[in-house]
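The chain contents come next:
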Amino acid sequence: MSTFSPGFQGRPRPQDDRLPPGQYLTEDFPVLSAGPTPAVDLDRWQFSITNETGRQYSWSWPQFMSLAQQRPHVDIHCVTRWSKLDTAWQGVSLDTLLENVVTDAEFAHITSYGGYTTNLPLEDLTGGKAWIVHTFDGADLDPEHGGPARLLVPHLYFWKSAKWVKSIRLLDYDEPGFWETAGYHSYGDPWREQRYQDD
Ligand SMILES: Nc1nc2c(c(=O)[nH]1)N[C@H]1C(S)=C(S)[C@@H](COP(=O)(O)O)O[C@H]1N2
Ligand SMILES: [Mo]
């Protein structure tokens, strides 16, 4: 009866340190869409980045898929209070997509197929913090979850992770998107519980 490991409690360590305030854990993968799931044809899929001078950089599906691939394993946090740990994705880092883009912009405004929009500082898309993903749990991303490809910005509330992403405009000013215009926080840090405008 003399073996003793410091910190051992006889059950798996709680994950509470990975759960932002006001969130609960879910094993499911809820679907949250403000409108219908758009049909996006891969032959016509195009993703583009436009800088603050109007210069456009764009990728067809084969061009996008030939870029360096990463496999982020991340925790995601929806403002409706569910969090999901260790989600497994595959896609292209925004650092890769922005590599040859000339810009001094501070903000990004994202537009999806179907018309959804969201905004964030450009800084939050760079430095290994954001991806455009096409695979979840080893399978093609389900259309309901944003397939063929969605933005993934796991350090912000999940409404920033635009499904069916189509384009990013780089801007000198912050332009609120769909939920931000409806009263949600313009930044949306789950660890600071930035749910609504005045949080
Ligand atoms: N295009 C688009 N992207 C979107 C949304 C949406 O309605 N349309 N909802 C956002 C919200 S509020 C959340 S929580 C997540 C939900 O992603 P999921 O349906 O894959 O769980 O997508 C975000 N991205
Ligand atoms: Mo959400």
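Located above this text is the structure these notes cover.
Each value, and the rule that gives it
- Residues numbered from 1 in each chain as written.
- Chains lettered and ligands numbered in written order.
- Predicted model: local features only at pLDDT ≥ 70, side-chain atom pairs only at ≥ 80, totals over all residues.
- Heavy atoms only, no water.
- Pairing = 2+ DSSP bridges.
- Helix = DSSP H or I, 4+ residues; strand = E, 2+ residues; numbered from the N terminus.
- Axes fitted to C-alpha atoms, helices over the stretch in contact; angles between N-to-C directions.
- Near = heavy atom within 4 Å.
- Polar contact = N/O pair within 3.5 Å; in protein donor to acceptor, adjacent residues only side chain to side chain.
- Areas by Shrake-Rupley, 256 points an atom, 1.4 Å probe, with all protein chains shown as cover.
- Nonpolar A, V, L, I, M, F, W, Y, C, P; charged D, E, K, R; others polar.
- Salt bridge = Lys/Arg side-chain N within 4 Å of Asp/Glu carboxyl O.
- Buried < 20%, exposed > 50% of the residue type's maximum accessible area, 1.4 Å probe, protein only.
- Contact = heavy atoms within 4.5 Å.

Help me understand the sheet that holds strand β7 (residues 117-121) in this model?
One key point about sheets: their strands pair by backbone hydrogen bonds, in either a parallel or an antiparallel sense. Strand order in the open sheet made by the five strands is β3-β2-β11-β6-β7, with mixed pairing throughout. Among the strands making up the open sheet, the edge pair consists of β3 (56-60) and β7. Taking the axes of each pair of neighbouring strands and ignoring which way they run, one obtains an average angle of 15° across the sheet.

It is not clear to me how the site of ligand 1 should be interpreted in this structure. Could you clarify?
Around ligand 1, the surrounding shell holds 19 residues, and the nearest of these are P30, A34, H145, R150 and K163. Between an oxygen atom of ligand 1 and a side-chain N or O atom of H145, the distance comes to 2.6 Å. Expressed as a share of its isolated accessible area of 530 Å², the protein-covered part of ligand 1 is 97%. When grouped by side-chain class, the residues that make up the shell around ligand 1 number 13 nonpolar, four polar and two charged.

Looking at this structure, I do not really get unusual backbone geometry. What am I missing?
Phi is mostly negative for residues that are not glycine, and the peptide bonds are mostly trans. The omega torsion of the bond from G147 to P148 falls at 15°, within 30 degrees of zero and hence cis. Summarising the element assignment, P148 is placed in the loop between β9 (139-140) and β10 (150-152). Here the phi dihedral of R81 falls at roughly 95°; this positive angle occurs in a residue that is not glycine. Within the chain, D86 stands out as a residue other than glycine whose phi angle is a positive 55°. Structurally, D86 can be placed in strand β5 (residues 82-93).

Sorry if this is basic, but what is going on with the pattern of salt bridges here?
Pairing between side chains of opposite charge can happen when their charged atoms approach one another. The full count for this structure, using the stated rule, is seven salt bridges. Here E180 and K160 are joined by a salt bridge, their closest N and O atoms 2.7 Å apart. Taken together, the residues span a long stretch of sequence, with E180 in helix α3 (residues 178-181) and K160 in the loop between β10 and β11 (165-171) at a distance of 20 residues. The exposure class of E180 is buried, given its relative accessible area of 3%.

What exactly am I supposed to notice about the environment of S60 here?
Turning to its location among the elements, S60 is positioned in strand β3. In sequence terms S60 and N119 are 59 residues apart; their C-alpha atoms lie 23 Å from each other.

What's the story with the side chain of E180 in this structure? I'm lost.
Here W159 takes part through its side chain, which lies 2.7 Å from a polar atom of the side chain of E180. There is a polar contact of 2.7 Å between the side chain of E180 and the side chain of K160. Sequence-distant contacts of E180, that is, excluding residues within four places in its chain, are made with T117, T118, N119, W159, K160, H185, S186 and Q197.

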